[in-house]
Each structure stands twice: as C-alpha cells, then as structure tokens.
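Listed below, chain by chain, are the residues.
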Amino acid sequence: MKIGFFDSGLGGLTVLKEAIENEKLKGEIYYLGDNKNTPYGLKDENFVKKIVEKNIKSLIECGCNPIVIACNTATSLSIKELREKYKDIIFIGTEPAVKVASDAYMHKKILVLATSITIKQEKLLNLIDKLNIKNYVQLCAADKLVQFAEDINCNNLQKEVNDYIKELLSKYDLNEFSHIVLGCTHFPLFYENFKMVIKELYPNCNINIIDGAKGISINLIKHIKNINKDYDNETNTKVCIFLTKESETFKIRSRQILNNSKVDIEYKLQ
Ligand code: DGL
C-alpha cells in the first residue's frame, strides 16, 4: 500500500511527522514536495491549480492511494475537482483548524494565519459561515513564513522570522483572542518563534496556538485501516521524497524535521 503526501515544499512534512511520530503511520510513503514552484500562496490561482493537478497525477501514477494533500492552499483550490476527477482515490485534505478553535469557544476571537490564496477561498469562508463564527474570526495572510521556511539560510534567519511574526501579531490585541490557528502546513515549523514573540509582547497571555496535523493524521489512519485490514501487522515505514528541483537544503531540512521519526528516507527527482 502506497500512501501519498503532497505539499508545495517542506510544510507537509509537519503533517507527515505528526502521522509517523504520534499516530504510528507505517508503510510505503511517497512525499512529493514541489520545491520548484514554492511558494504557491502568492501565485496565480489558475497556475497553482494546474501544477497541483500535475503533481497529484504523478502520485496517482506511482500507485498512491490514499493521498494526503498536506497543503491548505492546494486543498482549498483543488480538492473538490480532484475528488470529482479521480473517484477511486481517497483524498485527505488540509484546512485551517477553525473548527477545533470554534468547538473550544472561549468567548474570545480566533486569529487564522494562512496564505493569501487560502484566506480568499470559498472553502474557508464557507466553513466560517457554517460554524457561524464570522464575527469572531480574523484572517491574516502570512506568506513570508513559507519563504523563510524554504530559504536556504532559514536557520540563520531567526531574527527576521521573529520580526515578521511580531509585525503580523502587532496588528491585533491578542488579549482578545483565544486561539491562533496556523492555517498553512509550513507555519508549525515556526511554533517556537510564535511562542517566543507572544511571550515578549504579552508576558501573561496564554493563547492557544493550533494546527490541523493531528486531525489529518487520525483521519488518514482511519482510512488506511478501512482499506487494509492487515495494516496493524505492518511493521516498516519507508519514506521516498520526490522533489521537483534538486536541492541539498531540502534534503538537510527534511532530515532535521523528520529527525525523531527514525525512518529511512530516500530522495528522487520528479
Ligand atoms: N504548505 C502550504 C499550505 O499549507 C504552503 C503554501 C505555499 O506554498 O504558499 O498552504
């Protein structure tokens, strides 16, 4: 059984990490990171739709099913059409965890950080409408975090990252908020930076910073167990990472991110 993961770059690895380390995902995993075209969030929507479809098609041709679209931007733009086109494939999408924040409603607001494309899409706006939380939700584009995460010098850019997070959060009075929803799979890579900046700006604030990785991972395992009754006997986990552009940085950073997963990783050029 081949399990596909897709993202514009490194971000989807935050979901894969959660699935392997905390939900014990096993099997043959094919991760496609479209590092040639990253970031998606500021690009033309039709262009992104086309490359998402092309990338998903190549995972399907590899025999992957289910496929986790570990990218909020790609999910919000393309999942509906992909499900209509590839009826035999189980697609597990990613969307900002506003439902989790709304279920925990604390009479405070919810701040959703995502890419410029994600915050404009009907998928998110409909969800907010459906949950009836329009008056409590603030949407904020934070595209630069994707660029920082993919930057060859990311580890040396901590000050720039913190300054950018500070600039974003300074637009709000965080005392009025119960949750910050990280609505892009790249953003959890900066979880510690968020914590540090919030502590500096609001020493007594205990705002919750959440993302969707856990929910997606649980959903994925549920689907796998439905398809593969022998899944519990599976012991091996093998990860093959396909890149759309050769990149030593991606290899180093992906090994760092999956460091605790203790899996064999193989890299291939798509
Ligand atoms: N990880 C993608 C997401 O969750 C990043 C989008 C981008 O490439 O801008 O939206």
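Up top you'll find the structure we're talking about.
Residues numbered from 1 in each chain as written. Predicted model: local features only at pLDDT ≥ 70, side-chain atom pairs only at ≥ 80, totals over all residues. Heavy atoms only, no water.

### Overview of helix 9 (residues 191-201)
Because an α-helix packs 3.6 residues into every turn, residues spaced three or four apart end up facing the same way. Quick note on the threshold: With a 1.4 Å probe rolled over the protein chains alone, any residue whose accessible area is under 20% of its type maximum counts as buried; one over 50% counts as exposed, and the rest are partly exposed. Where helices and strands are cited, they refer to DSSP runs of H or I of at least four residues and of E of at least two residues respectively, numbered from the N terminus. The arc under discussion is defined with respect to the helix axis, by the directions toward the C-beta atoms. Contact definition: two residues touch when any of their heavy atoms are within 4.5 Å.
For helix 9, the full list of buried residues reads Asn193, Phe194, Val197 and Ile198. Around the axis of helix 9, the buried residues are gathered within 125° of arc, so they sit on the same side. Facing away from the buried surface of helix 9 by more than 90 degrees, the exposed residues are Lys199 and Glu200. On the buried face of helix 9, the contacting elements are strand 5 (109-114), helix 7 (144-150), helix 8 (158-169), strand 7 (177-182) and strand 8 (208-210).

### What about the nonpolar core?
Short version of the rule: Side-chain atoms within 4.5 Å are what join buried Ala, Val, Leu, Ile, Met, Phe, Trp, Tyr and Cys residues into a set we call a nonpolar core.
Leu145 and Leu174 are the most contacted members of the largest nonpolar core, which totals 30 residues. Mapped onto this core, the elements with two or more residues apiece are strand 5, helix 7, helix 8, strand 7 and helix 9. By residue number, the principal contributor to this core is helix 8, which donates five residues. What Leu145 contacts, discounting residues up to four positions off in sequence, is Val161, Tyr164, Ile165, Phe187, Phe190 and Phe194. Membership of the second largest hydrophobic core comes to 28 residues, among which are Ala213, Ile241, Phe250 and Leu258.

### Quick look at the environment of Lys144
Mapping Lys144 onto the fold places it in helix 7. For Lys144, a relative accessible area of 41% puts it in the partly exposed group.

### Here we look at the sheet that holds strand 5
Here is the rule we go by: DSSP-based pairing: two strands are paired if at least 2 bridges between them are found. Fitting a line to C-alpha atoms yields each axis, with helices limited to the stretch in contact; the angle taken between N-to-C directions then spans 0 to 180 degrees.
Reading across from one edge, 6-5-7-8 is the order of the four strands in this open sheet, with parallel pairing throughout. The two strands at the open ends of the sheet, each matched to only one other strand, are strand 6 (137-141) and strand 8. Mean inter-strand twist for the sheet, computed between neighbouring axes without regard to direction, equals 20°. Each of strand 5, strand 7 and strand 8 is contacted by helix 9, which is oriented at about 160° to strand 8, the strand it contacts most.

### Brief notes about the site of the ligand
Cut-off, in case you're wondering: Proximity is defined per residue: any heavy atom of the residue falling within 4 Å of a molecule or strand makes that residue near it. In the analysis that follows, any N or O atom pair within 3.5 Å is treated as a polar contact, provided that within protein one partner can donate a hydrogen and the other can accept it, and provided that, for residues neighboring in sequence, both atoms belong to side chains. Calculation of accessible area relied on Shrake-Rupley with a 1.4 Å probe; when residues are assessed, cover is drawn exclusively from the protein chains displayed. Three classes are used: nonpolar for Ala, Val, Leu, Ile, Met, Phe, Trp, Tyr, Cys and Pro, charged for Asp, Glu, Lys and Arg, and polar for all others, with Gly counted as polar.
Near the ligand, the surroundings consist of 14 residues, among which Ser8, Tyr40, Gly41, Thr73 and Thr185 are the closest. Contact distances for the ligand include 2.8 Å between a nitrogen atom and a side-chain N or O atom of Asp7. Between the ligand and Thr185 there is a distance of 2.7 Å, counted from a nitrogen atom to a side-chain nitrogen or oxygen. When the ligand sits alone it has 300 Å² of accessible area, and the protein chains cover 100% of it. Grouping the amino acids of the shell around the ligand by side-chain chemistry returns five nonpolar, eight polar and one charged.

### As for the packing of helix 1 (residues 13-21) against helix 10 (residues 213-227)
When two helices pack together, you describe them by how their axes are tilted relative to each other and by the distance separating the axes. Where we set the bar: Orientation labels follow simple angle bins: below 35 degrees gives roughly parallel, above 145 gives roughly antiparallel, 65 to 115 gives roughly perpendicular, and whatever is left gives oblique. Note on convention: the crossing is left-handed when the near helix lies turned anticlockwise from the far helix by less than a right angle, right-handed when the turn is clockwise.
Two elements in contact, helix 1 and helix 10, have axes whose closest approach is 9 Å; the angle formed by their N-to-C orientations is 60°. If you check the angle between helix 1 and helix 10, you find them oblique. Classified by chirality, the crossing of helix 10 by helix 1 is right-handed. On the side of helix 1, the interface is formed by Thr14, Val15, Glu18 and Ala19, while helix 10 contributes Ala213, Lys214, Ile216 and Ser217. Along the lines of polarity and charge, the residues of the contact of helix 1 with helix 10 split into four nonpolar, two polar and two charged.

### Digging into the pairing of strand 5
Where burial is concerned, most of strand 5 is hidden: five out of the six residues are buried. For strand 5 and strand 7, the ladder comprises five bridges, and the chain directions are parallel. Of the residues in strand 7, the one forming a bridge with Leu113 is Leu182.

### Overview of the packing of helix 2 (residues 45-61) against helix 3 (residues 72-85)
Two elements in contact, helix 2 and helix 3, have axes whose closest approach is 10 Å; the angle formed by their N-to-C orientations is 50°. By the criterion of interaxial angle, the relationship of helix 2 to helix 3 is oblique. Our pair here, helix 2 against helix 3, has a crossing hand that is right-handed. Along its contact with helix 2, which presents Glu45, Val48, Lys49, Val52, Glu53 and Ile56, the element helix 3 presents Ala74, Leu77, Ser78, Glu81, Leu82 and Lys85.

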